[in-house]
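Secondary and tertiary structure notes
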Amino acid sequence: MQCPRCHTDLIVVEYHDIELDYCPACEGLWFDHGEMELVASKMGSSADAVAPQQSADTNEKKLKCPECHKVMDKRLLGATDPVVADVCRLCGGLWLDHGELEQIVRQHQEPGDSPVIEYLRDTFRA
Amino acid sequence: MWEQIRANQIRSAFVMIFMGLLLIAVGFVIGLYFLGTAAGGIVIALIVWGILNLVALFQGDNILLSLGKARKVNKEEFPRLYNIVEEMTIASGLPRMPDVYIIDDPAPNAFATGRKPEKAAIAVTSGLLQKLNRDELQGVVAHELGHIKNRDTLLMAIGGILLGTIVLLSYFASRMLFFGGASRGGRRSGGGSGGGGAQLIIIIIGIVLMILAPIAARLLYFALSRKREYLADASAALYTRYPEGLASALEKIAGTPTQLQAANNATAPMYIVNPFRKAGQAASNLSSTHPPISDRVRVLRSMGGASFADYDAAYRNVRGSRGGVVPRGALGLTGDAPVRPPSTETEPVTQTEAARAREVSDALWKTNKYQTVECECGAKLRVPPGTSLSQVKCPRCGTTHPV
């Protein structure tokens, strides 16, 4: 699988028995369909904080899904200061650029706010 | 090999003959409509059937396994599974150990394929390996080897090809009927000189047949597979000498809500439990490929010993039916088979579900040829084969590792 942004081979990062696809070059992160929920359920929490919302109106460059190779949708993600994430309509996968990841993590500063965010912060130094 | 099928179940043969007749009927109607001669249609139907047979003959097993996204594993990659298959091959008396495949899917399930025991293969999902302990996994593997030994895989392959031909032919025929091909052909052959009423009736019968044939073929195919599940359960009990293993495996599988992703309608009957089961759906109806799991579990649990005769008695008892499930010829063959005590697991790797999950995931990465880099900070980096990367940086601690 290749990074939709810079086309580097994605590597799999496993930490605490959770595996995520990660771009070693641009540090973006790929979640297969349901993977975010899986991460959340492993930590006994919900993935609400990182669930994609309504579609976003943006001129940002369209990305192709690393799994299905079709153009992905732009969807808003996060509550207070939403980021524009890429979501594949076909497979339901989700791509977060490193900056987007940082922005989401920054919104949840208090520790214990969301274990999923906590995990992403710790593992991907966002 | 035909003796075994015949001795096992004459009913299966009837079902097959019926499916064959259905195929001929479909050919007949196609011939009447599009060619003006019924014989021509039948010939076309048989040719299509022959082609599908040839395709299946040359790469049937590969198609099935690639449909299910299966990966072959060897002894080093997955010793636990491999040992169990080895052991059950000996118990079942199969001439050759089947190839072993893993399907990366969280839904626990398994299936067997191969027309000949010499060329058979079994596939299990990663979810199954994760959920089941040794005795349970052994029960499931024995059930699948039972399918191979009883020639169910052959029967289902033949039945599946018949089903496929009928579905294919009626699909195209009904398309052509609706988009005009038939009306022209029909008028030409009728000469336009009347007989309108009779022709209309034939057209209606034809349309009805085109709609019903694939459904009927599917029901027949399912009936065929359902019968054979009990027999494979009986075989599993005999090979493992431990009916409780399969019983508890079936319960675990039934208790999982996830649906198998890689399954499709054509491969459904091959699985140990129906992969299309929805939550709250009645487990058994006309179109279900498998008998209700609760019944299968109850039969297994009420067995006095582990022989075919014990299974047959338990089956009659639980189902309240006079007819048994094991063919009479095979009842006495196995003699007395006392049930063994549960095995004590000594290998720590298989004791907890979390440990098994790690074992399965490591094996899958290995079979997929990923290179694993273990970082000092506790993270594991898995690098895909053939990558252009020469080094990777751990996202967690920032250490750079050569690839």
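1. What to know about the overall build of chain A
A count of helical and extended segments in chain A gives three helices and seven strands. Moving toward the C terminus, one meets the helices and strands of chain A in the order β-β-β-α-β-β-β-β-α-α. Looking at chain A as a whole, 48% of its 126 residues are labelled buried. A separation threshold of at least 6 residues defines the contact pool for chain A, and within that pool the share at least 24 residues apart is 43%.

2. Some thoughts on the side chain of Ser126 of chain B
Residue and element names in this part refer to chain B. Among the secondary structure elements, Ser126 is positioned in helix H5 (residues 126-131). Within the local environment of Ser126, its side chain forms a polar contact with the side chain of Asp104, the two groups lying 3.3 Å apart. In this view, Ser126 contacts Ile102, Ile103, Asp104, Asp105, Pro106, Val360 and Leu364; residues no more than four positions away in its chain are not counted.

3. Quick look at the interface of chain A and chain B
The interface of chain A with chain B comprises 17 residues on the first partner and 21 residues on the second. Counting the surface lost from both chain A and chain B, the interface buries some 1,500 Å², and carbon and sulfur atoms represent 52% of this. Looking at the side of chain A facing chain B, the largest losses of area belong to Ile11, Val12 and Glu14 of chain A, adding up to 33% of the total buried there. Where chain A packs against chain B, one counts two salt bridges. Ionic pairing is found between Glu14 of chain A and Arg382 of chain B, a salt bridge with its closest N-O pair at 2.5 Å. The set of elements that each furnish at least two residues to the side of chain A that touches chain B consists of strand S1 (11-15), strand S2 (18-22) and helix H3 (115-124) of chain A. In terms of residue class, the side of chain A that touches chain B is made up of eight nonpolar, two polar and seven charged. Pairing of S1 of chain A with strand S6 (residues 380-383) of chain B involves three bridges; the strand directions are antiparallel. Counterpart to Val13 of chain A in the pairing with S6 of chain B is Leu381 of chain B.

4. Section: the nonpolar core
Judged by nonpolar contacts, the single largest core of 53 residues is most densely connected at Leu81, Val141 and Tyr311 of chain B. Here the element with the most residues in this core is helix H9 (residues 196-240) of chain B; it accounts for seven residues. In terms of nonpolar packing, the next biggest core, distinct from the first, is built from 35 residues, Ile11, Val50 and Ala85 of chain A together with Cys394 of chain B among them.

5. Thoughts on the packing of aromatic side chains
Residues and elements named next belong to chain A. The full count for this structure, using the stated rule, is five aromatic pairs over all chains. A ring pair is formed by Tyr22 and Phe124, whose centres lie 5.4 Å apart and whose planes are at 40°; its orientation type is tilted. With Tyr22 in strand S2 and Phe124 in helix H3, the pair connects residues that are 102 residues apart, well separated along the chain. Judged by its relative accessible area of 3%, Tyr22 is buried. On the accessibility criterion, Phe124 (3% relative accessible area) is buried.

6. Digging into the environment of Lys62 of chain A
Residues and elements named next belong to chain A. In this structure, Lys62 sits in the loop between strand S4 (52-55) and strand S5 (73-77). Given the relative accessible area of 52%, Lys62 is considered exposed. Lys62 sits eleven residues away from Asp73 along the chain, and the two C-alpha atoms are 7.7 Å apart. Other than its neighbours up to four places away in sequence, Lys62 contacts Val71, Met72 and Lys74.

7. With respect to the pattern of salt bridges
Residue and element names in this part refer to chain B. Applying the stated criterion across every chain, the model contains 23 salt bridges over all chains. The salt bridge involving Glu136 is made with Lys252; its shortest N-O contact spans 2.9 Å. Note that Glu136 is positioned in helix H6 (residues 134-149) and Lys252 in helix H10 (residues 243-254), a separation of 116 residues in sequence. Overall, Glu136 belongs to the buried group, its relative accessible area being 5%. Given the relative accessible area of 31%, Lys252 is considered partly exposed.

8. As for H3 of chain A
Because an α-helix packs 3.6 residues into every turn, residues spaced three or four apart end up facing the same way. All names here are of chain A. For H3, the tally of buried residues reaches seven of ten residues, placing the bulk of the element in the interior. Val116, Ile117, Tyr119, Leu120, Arg121, Thr123 and Phe124 are the residues of H3 that are buried. Buried residues along H3 sit against S1, S2, strand S3 (29-31), helix H1 (35-42) and helix H2 (98-107).

9. Remarks on the packing of helix H11 (residues 293-301) of chain B against helix H12 (residues 308-319) of chain B
Residues and elements named next belong to chain B. Running from amino to carboxyl end, H11 crosses H12 at an angle of 130°, the nearest separation of the two axes being 8 Å. As judged from the angle between their axes, H11 and H12 are oblique. The two elements H11 and H12 cross, and the hand of that crossing is right-handed. Touching Asp295, Arg298, Val299 and Leu300 of H11 are Tyr311, Ala314, Tyr315, Val318 and Arg319, all from H12.

10. Re the sheet that holds S5 of chain A
Spatially, the nine strands line up as an open sheet ordered S4(A)-S5(A)-S6(A)-S7(A)-S3(A)-S2(A)-S1(A)-S6(B)-S5(B), and their pairing is antiparallel. The open sheet has two free edges, formed respectively by S4 of chain A together with strand S5 (371-374) of chain B, since each of these has just one partner strand. Across the sheet, the mean angle from the axis of one strand to that of its neighbour is 35°, orientation sign disregarded. As defined by bridge partners, S4 of chain A adjoins S5 of chain A across two bridges and the pair is classed as antiparallel. Note on S5 of chain A: the bridge partner recorded for Ser55 of chain A is Arg75 of chain A. In this fold helix H14 (residues 353-367) of chain B packs onto S1 and S2 of chain A together with S6 of chain B, with an angle of close to 30° to the strand it touches most, S6 of chain B.

11. Observations concerning the state of the cysteines
The final tally for this structure, using the stated rule, is zero disulfides over all chains. Here Cys91 of chain A stays free of any disulfide, with the sulfur of Cys68 of chain A as its closest cysteine sulfur at 3.5 Å. In this structure Cys397 of chain B is not part of a disulfide, and its nearest cysteine sulfur, from Cys375 of chain B, lies 3.3 Å away.

12. A few points about the pairing of S6 of chain B
Residue and element names in this part refer to chain B. Every second residue of S6 is oriented toward a common face, with Lys380 and Arg382 on one face and Leu381 and Val383 on the other, all of them buried. In the sheet, S5 pairs with S6 via four bridges, with the strands oriented antiparallel. For Thr372, the partnering residue across the bridge sits in S6 and is Arg382. A loop of five residues connects S5 with S6, the two strands running antiparallel in sequence, and Gly378 in this loop sits at a positive phi of about 105°.

13. Some points on unusual backbone geometry
With phi around 60°, His69 of chain A is a residue other than glycine that occupies positive phi space. Of note, His69 of chain A is situated in the loop between S4 and S5. Unusually for a residue other than glycine, Arg241 of chain B sits at a positive phi of about 55°. Tracing the chain through its elements places Arg241 of chain B in the loop between H9 and H10. Its relative accessible area of 33% is what places Arg241 of chain B among the partly exposed residues.

The rules we used
Residues numbered from 1 in each chain as written. Chains lettered and ligands numbered in written order. Predicted model: local features only at pLDDT ≥ 70, side-chain atom pairs only at ≥ 80, totals over all residues. Heavy atoms only, no water. Helix = DSSP H or I, 4+ residues; strand = E, 2+ residues; numbered from the N terminus. Buried < 20%, exposed > 50% of the residue type's maximum accessible area, 1.4 Å probe, protein only. Contact = heavy atoms within 4.5 Å. Polar contact = N/O pair within 3.5 Å; in protein donor to acceptor, adjacent residues only side chain to side chain. Buried area = accessible area lost by both parts, 1.4 Å probe. Salt bridge = Lys/Arg side-chain N within 4 Å of Asp/Glu carboxyl O. Nonpolar A, V, L, I, M, F, W, Y, C, P; charged D, E, K, R; others polar. Pairing = 2+ DSSP bridges. Core = buried A, V, L, I, M, F, W, Y, C linked by side-chain atoms within 4.5 Å. Phe/Tyr/Trp six-rings, centres within 6.5 Å; stacked < 30°, edge-to-face > 60°. Axes fitted to C-alpha atoms, helices over the stretch in contact; angles between N-to-C directions. Parallel < 35°, antiparallel > 145°, perpendicular 65-115°, else oblique. Left-handed = near helix turned anticlockwise from the far one by under 90°. Disulfide = S-S within 2.5 Å.

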